[in-house]
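# Coordinates in review
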Amino acid sequence: MRRDGWLPGVLGAVTKGLLILWAVPGQGGRPLQPPTLQQVQALEKDQGLAIGHLCRTNRPPEWLRGPSLGTRGLRGLRGTMTHMAQALQDITRHQRDLNPPGAEILRRLASAHLKVRGLLNNLEGLYPAPSPQPTRRLPPSPTAPTKVFRQKLEGCRILWSYSRFLVKLNALLETRRIRAHRERQRAHQGSRMPTGS
Amino acid sequence: LFVLLESFVFPVTYVNISKDLVLQQLLVEWDVDKSAREAELAMSFEIQVHRTDVAITVWTEFLNVTLDKSGKPLHWVWDSDFPLECMSHSVRIRSRAEVSNIWSQWSLWKTVLGLDTSNNHGPQIFPNEKIVEEGSDISFCCIGREGQIVKDFFLVPTIPAFNHTNGRLGLLTVKNVTHHDSPHIMVYCQESCNEMQCYDHAGFFVGKPPDTPHDFSCQTQDTRTVTCTWSPGGDTHLYGRHSPKYVLSDEFSQNPILCTVSCSEQCSCSWDIEQQKICNITLTVENPLGKKTATDSFDVTHRIYPTAPFQLWEECTDTEITLYWKLQNIGIELFCQTEVLQPNGKVEVLSYGSVTLRGLQPYTEYTARVHCGAAQDFWRWSEWSEAQTIRTKEAAPSGTLDIWREIKPVLGGRNVTLFWKQAPEFQANGKIISYEVTWRKVEDASEPESISLLSVYNSTRIFIDSHSYRISIVAKNNVNYSLPSVLIIPTGTEEDRSGSELEEEWVNGTDDGIFISWEPRHIYDSYIIDWCNVPALRPCDFQWKSFGANASSALISSAAFVPGVRYNFHIYGSVANRATLLEKKTGYFKELPPLFDPVVENIELTFNAVTLYWDSYPTNESQPGFLRGYHVYVSPLQEDCSLEGSKKHVLPDNSVLCKYSIDNPEEKRYTVKHLLSNTKYKLVVKAYTGGGENPIVNFRYIDTPFNLNILYLLILLVIIPTLAAAICLWKIKWVQECCCPVIPHPNKSRVLSFKEFNIGSEKVLKISDCIPDMLVVDSKAEAQKL
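Keep in mind it's a predicted model, so treat the numbers as computed, not measured. (Residues numbered from 1 in each chain as written. Chains lettered and ligands numbered in written order. Predicted model: local features only at pLDDT ≥ 70, side-chain atom pairs only at ≥ 80, totals over all residues. Heavy atoms only, no water.)

A word on the overall build of chain A. What chain A contains, in helices and strands, is 5 helices and 0 strands. Reading chain A from its N terminus to its C terminus gives the helix and strand order α-α-α-α-α. The contacts in chain A between residues at least 6 apart in sequence include a share of 80% that link residues at least 24 apart. (Helix = DSSP H or I, 4+ residues; strand = E, 2+ residues; numbered from the N terminus. Contact = heavy atoms within 4.5 Å.)

In structure tokens form, the structure reads like this:
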């Protein structure tokens, strides 16, 4: 049995479960699908960005382009989730200027932020850093918008891009899981074949 | 000079114009000829403002100014109703001296340029972001690129607005803007193309200036830390960094107030004032739309809100409690108030420095709490201390136990079961730890016997012989005994005699219990009624109740009383602790119908009557009510019943029975008369009590026999004559011969019934005595016979 084919499959299945469980905002921690079209439309409408589907950008930020697990595998997700945690923090801060305390959108953002931080924590547990490193805070984006509209638009686009990212990641992990399962089955059948004919 | 001045004009020497984009104002500066200043003339100026998009003068204003010699230029400010960024604005001025009627020439137009004169990289909306007050008006402009026109210019969410588009320029005005559920109202502008660079977006917030803080008040708990509180006011609809910010300042302090405001239902802020005694605190609340203040001036020693007293402790006796407590030392004399909750629920408030509560009940819980305020310049009470529950100490029991007995003769003497309970006037004044029962013979001074029982017991049984005994029972707590309760049990002989010939009287139940009355006798100082709550069981849950000398009736109620159970009551009179059985009563709380019907063992039937015989019916305690009698129900099978002497009884199926009542429970037979012969009847005998009778379930069926008298009559009147007639017909000749011969025998004839002539036994017929109608001489044998 090939061990290197087995481990990524298992880890992929575990992480996929964690991702689905943790990373999709506002779903109460239950395994489920990425946001539906209706949910995205509701967000756009709530933000006043439904005109021309301004949120649905085809040019996500660089850290949300992908996913491609490649040779680094799930390790690459750490960077993505680190950026996402920071982005959610910024979005929450912007939305606090627009909404009363206790507003539904603030609760959902807080929940999503918590889940992303939880997933990041799990990834750091799965792939611990080789040596202790000081906590690195991401530098502010040079093009961080200061106008309210721009902030709303940027935040909405990040959330949209993130949901697309998760859809693709989900599909990618599912493919790898199926492939790993088939390899295990083949290995198992091979070990049971009679020796000599 | 005046004449000269009349014809002079003093034109404007220069005009400068600038714009303040923050305030959206045009700032105009100009001056006139020095000579006008020297003459300190009163001048009028006409100022015109022109906007390039509409190519008309949008504003004209006349200004009257008296010039001075200071040389300072003149200024004028114009508030633009539309953003100045989008289009160019121009101003010109002309002048006229008041002494002259001649206007000068217009100055040249001075222009501040807008974006209409340049080519931007895309459409632009102004203002791009603004916070406006609810109820105000706001105007937007959108300037497109050169060669482009503004195709769409609108708000999201959709709000009514005046919209005017003119080629490259769009204008949007919202009047009386209101807050919507959307936190941020978006403005969209699009040129007549679809690429990203054809759009611009802006937004604005609608909110309110903050309310003046209500209930702004400051106080201190220790004269060092001051806490100010206030009500935050209504929702401004501005959140986060635009939300109201609170700043506190003190006129009498050189240091700024550094405190962290926390708001929930109320806002508060606390800081250290060190040695300061007088404060004049100003609270300023500010948001982008306005600022409000509230002030509180005070002497710190007049705003003492002490911390609650703590560590309460007490000293107590059986009737007094002295309460102590600790207070935070703040160098201010305090005055305290104690609240005491008594067992009866009453609350008493005592205003003392320390508290001694007197006249209390022993071994009783009282709950006390304390709060304090400044003795001088009272401001407010502190919070209440934690409530302290205190129990007074025990004292000897007061009053006596209520005791009673049940006496059962046995071989050699009597078993006496003693019962006790705490009478209403009895006060345990502590925890009863045991009961002590002592008994001794009355006649001699023999050593008494005694036993001690734990407090869980409320009865015991002792054996005494036939002598008279004195029994006493006391309750014991940790302090002492109660006064003894005493019973005298008479000798066995006296006991036997007492009540043996008494008859039981019936008593009736009511909704609330069983009513017992008795004949009062003046020799007794009390009466006792005893009974068993569950007569069928052993032990039977023996109960008793005592009454004063003047009582002659009582309503005995018990939660254990149930319908259908017969309770037996004994009424005693007591004098000098000696009780005598006076009356016996028996009754039901509620009677129920009998358990079963009498069994009809025998029936005697005639053609018109039926006699029913039934067995003896039990009337003892096994019955759920007192047997009052019987009802007999009868009815023909096929029809309703209506018999003479009966009452009608309608069944649930509307059939009618005849009902007969028997009021004597001892009766065991009954005859129902006036029945029809040869008829089927159904009947039943039901016993009834004070609770009624059970529903009719089963009947007995009878068949009355045929009436023989009728048969006899039938035989006599019909059959026999018919039979006789048949016989006669059959023997007609014999009958004829016998009864009506053609020639009757002379002996049978009347013609021979004369008296005069007899010859021996024969009668002689004289021809003269008869008048025959025919005479025949016959020589036949018949004649011979004759």
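This next bit is on the overall build of chain B. Along its length, chain B carries 6 helices and 53 strands. Across the 786 residues that make up chain B, the buried fraction comes to 40%. (Buried < 20%, exposed > 50% of the residue type's maximum accessible area, 1.4 Å probe, protein only.)

Looking now at the environment of valine 355 of chain B. With respect to the helices and strands, the residue valine 355 of chain B is situated in strand 27 (residues 355-357). Spatially, the C-alpha atom of valine 355 of chain B lies 9.9 Å from that of tryptophan 325 of chain B, the residues being 30 residues apart in sequence.

Below, the discussion takes up the sheet that holds strand 1 (residues 12-20) of chain B. Residue and element names in this part refer to chain B. The 3 strands lie next to each other as 1-2-5, forming an open sheet whose pairing is antiparallel. The open sheet has two free edges, formed respectively by strand 1 and strand 5 (74-79), since each of these has just one partner strand. Taken pair by pair, the neighbouring strands of this sheet meet at an average axis angle of 20°, ignoring direction. (Pairing = 2+ DSSP bridges. Axes fitted to C-alpha atoms, helices over the stretch in contact; angles between N-to-C directions.)

Leu418, Trp420 and Ile471 of chain B are the most contacted members of the largest nonpolar core, which has 32 residues in total. Setting aside residues up to four positions removed in sequence, isoleucine 471 of chain B forms contacts with Val416, Leu418, Val437, Thr438, Trp439, Ile462, Ser485, Val486, Leu487 and Ile489 of chain B. Among the nonpolar cores identified, the runner-up in size contains 27 residues, and Leu77, Leu109, Leu119 and Ile158 of chain A belong to it. (Core = buried A, V, L, I, M, F, W, Y, C linked by side-chain atoms within 4.5 Å.)

Quick look at the confidence of the model for chain A now. All names here are of chain A. Here chain A averages 73 in pLDDT, while 66% of its residues score no lower than 70. Considering each helix and strand of chain A separately, the mean pLDDT is smallest for helix 1 (residues 3-22), with a value of 41, and largest for helix 3 (residues 75-96), with 90. Residue range residues 1-33 is modelled with pLDDT below 50. Its contacts to residues more than four positions away, or to other chains, number 63 contacts. (pLDDT = per-residue confidence, 0-100.)

This part is about the side chain of serine 382 of chain B. Residues and elements named next belong to chain B. Position of serine 382 among the secondary structure elements: in the loop between strand 28 (365-374) and strand 29 (388-391). Note on serine 382: relative accessible area 5%, which makes it buried. Beyond its immediate sequence surroundings of up to four residues, serine 382 is in contact with Tyr305, Pro306, Thr307, Ala308, Pro309, His371 and Cys372.

It is common to report an interface's size as the accessible area lost on association of the parts. Counting from both sides, the interface comprises 16 residues of chain B and, opposite them, 18 residues of chain A. Counting each side, the surface lost to burial between chain B and chain A is near 1500 Å², with a carbon and sulfur contribution of 61%. With a shortest N-O distance of 2.5 Å, aspartate 97 of chain A and arginine 241 of chain B are connected by a salt bridge. Linking chain B with chain A are 3 residue pairs in polar contact (both at pLDDT 80 or more). Listing elements by their share of the side of chain B that touches chain A, those giving two or more residues are strand 11 (150-156), strand 14 (185-191) and strand 15 (199-207) of chain B. Take the side of chain B that touches chain A: its biggest share by element is 3 residues, from strand 15 of chain B. Looking at the side of chain B that touches chain A residue by residue, the classes come out as 8 nonpolar, 5 polar and 3 charged. (Buried area = accessible area lost by both parts, 1.4 Å probe. Salt bridge = Lys/Arg side-chain N within 4 Å of Asp/Glu carboxyl O. Polar contact = N/O pair within 3.5 Å; in protein donor to acceptor, adjacent residues only side chain to side chain. Nonpolar A, V, L, I, M, F, W, Y, C, P; charged D, E, K, R; others polar.)

Right, let's talk about the side chain of threonine 80 of chain A for a bit. All names here are of chain A. Counting through the fold element by element, threonine 80 comes out in helix 3. For threonine 80, a relative accessible area of 9% corresponds to the buried category. Excluding anything up to four places from it in sequence, threonine 80 contacts Trp63, Leu64 and Phe165.

Residue and element names in this part refer to chain B. With 7 of its 10 residues buried, strand 28 lies for the most part within the structure. Relative to strand 29, strand 28 runs antiparallel, the two being bridged by 4 bridges. By the bridge assignment, tyrosine 366 is partnered in strand 29 with isoleucine 390.

It is worth spelling out the confidence of the model for chain B at this point. Of all residues in chain B, 91% attain a pLDDT of 70 or more, and the chain-wide mean is 88. Taken together, the chains of this predicted complex give a pTM of 0.60 and an interface ipTM of 0.72.

Here the focus is the packing of helix 3 of chain A against helix 4 (residues 104-126) of chain A. If you want to describe how two helices pack, look at the angle between their axes and the distance between the axes. Residue and element names in this part refer to chain A. Taken N-terminus to C-terminus, the directions of helix 3 and helix 4 make an angle of 160°; their axes are 9 Å apart at the nearest point. Comparing the axis directions of helix 3 and helix 4 gives the class roughly antiparallel. As for how helix 3 packs across helix 4, the hand of that crossing is left-handed. On helix 4, the residues that touch Leu77, Arg78, Met81, Thr82, Met84, Ala85, Leu88, Gln89, Ile91, Thr92, Gln95 and Arg96 of helix 3 are Ile105, Leu106, Leu109, Ala112, His113, Val116, Arg117, Leu119, Leu120, Leu123 and Glu124. Residue composition of the contact of helix 3 with helix 4, grouped by class: 14 nonpolar, 5 polar and 4 charged. (Parallel < 35°, antiparallel > 145°, perpendicular 65-115°, else oblique. Left-handed = near helix turned anticlockwise from the far one by under 90°.)

The next subject is the packing of aromatic side chains. All names here are of chain B. Counted under the stated rule, the structure contains 29 aromatic pairs over all chains. Taking 5.2 Å as the distance between ring centres and 55° as the angle between the ring planes, the aromatic pair formed by tryptophan 230 and tyrosine 246 counts as tilted. Of this pair, tryptophan 230 sits in strand 17 (residues 225-231) while tyrosine 246 sits in strand 18 (residues 245-250), and the two are 16 residues apart along the sequence. According to the relative accessible area criterion, tryptophan 230 is buried, its value standing at 0%. Seen in terms of ring centroids, phenylalanine 378 and tryptophan 381 are 5.0 Å apart; in terms of plane orientation they differ by 65°. Their pairing is edge-to-face. Using a relative accessible area of 25% as the deciding quantity, one classes tryptophan 381 as partly exposed. One aromatic cluster in this structure is built from Trp531, Phe561, Tyr567, Phe569 and Phe589. (Phe/Tyr/Trp six-rings, centres within 6.5 Å; stacked < 30°, edge-to-face > 60°.)

Our focus in this paragraph is the sheet that holds strand 21 (residues 278-287) of chain B. Strand pairing in a sheet relies on backbone hydrogen bonds. The paired strands run either parallel or antiparallel. All names here are of chain B. Strand order across the open sheet formed by 3 strands is 18-21-22, with antiparallel pairing between neighbours. Looking at strand neighbours, the two that pair on one side only are strand 18 and strand 22 (290-299), the edges of this open sheet. Averaged over all pairs of adjacent strands, the angle between their axes in this sheet comes to 20°, without regard to strand direction. Bridge count for strand 18 against strand 21 is 6 bridges, and the pairing is antiparallel. If you follow serine 249 over to strand 21, its bridge partner there is threonine 282.

All names here are of chain B. What the rule picks out here adds up to 10 disulfides over all chains. Cysteine 259 shares a disulfide with cysteine 269; S-S distance 1.7 Å. Taking the sign of the S-S torsion, 115° for the link of cysteine 259 and cysteine 269, the bridge is right-handed. Of this pair, cysteine 259 sits in the loop between strand 18 and strand 19 (262-263) while cysteine 269 sits in strand 20 (residues 267-272); the two residues are 10 residues apart in sequence, bridging distant segments of the chain. Under the relative-accessibility criterion, cysteine 259 is labelled partly exposed at 22%. Two residues share a disulfide in this structure: cysteine 336 and cysteine 372, whose sulfurs sit 1.9 Å from each other. Around the S-S axis, the bridge from cysteine 336 to cysteine 372 shows a dihedral of about 100° and counts as right-handed. (Disulfide = S-S within 2.5 Å.)

Okay, the pattern of salt bridges next. This model, assessed by the stated rule, comprises 25 salt bridges over all chains. Between arginine 177 of chain A and glutamate 174 of chain A there is a salt bridge; the shortest N-O distance is 3.0 Å. Taken as a pair, arginine 177 of chain A and glutamate 174 of chain A lie in helix 5 (residues 148-192) at a separation of 3 residues, close to a single helical turn. Of the residues examined, glutamate 174 of chain A reaches a relative accessible area of 24% and is grouped as partly exposed. Each of Glu505, Arg521, Glu583 and Lys585 of chain B takes part in salt bridges that share partners, so that together they form one network.

Further remarks concern helix 3 of chain A. End to end, helix 3 of chain A covers 33 Å across 22 residues, agreeing with the expected 32 Å (1.5 Å per residue, within 8%). Listed in full, the buried residues belonging to helix 3 of chain A are Leu77, Thr80, Met81, Met84, Ala85, Gln86, Ala87, Leu88, Ile91, Thr92, His94 and Gln95 of chain A. (Expected span 1.5 Å × (residues − 1).)

Glancing now at the UniProt feature "transmembrane region" (unreviewed entry) in chain B. When the UniProt feature table is mapped onto this chain, "transmembrane region" (unreviewed entry) is found at residues 710-730 of chain B. A helix fraction of 100% and a strand fraction of 0% characterise residues 710-730 of chain B, whose end C-alpha atoms lie 29 Å from each other. (UniProt positions renumbered as here; feature names shortened; annotations may be inferred.)

Moving on to the pairing of strand 23 (residues 310-316) of chain B. Residue and element names in this part refer to chain B. Looking at chain direction, strand 23 and strand 24 (residues 321-326) are connected through 5 bridges and run antiparallel. By the bridge assignment, tryptophan 313 is partnered in strand 24 with tyrosine 324. Connecting the antiparallel pair strand 23 and strand 24 is a turn made up of 4 residues.

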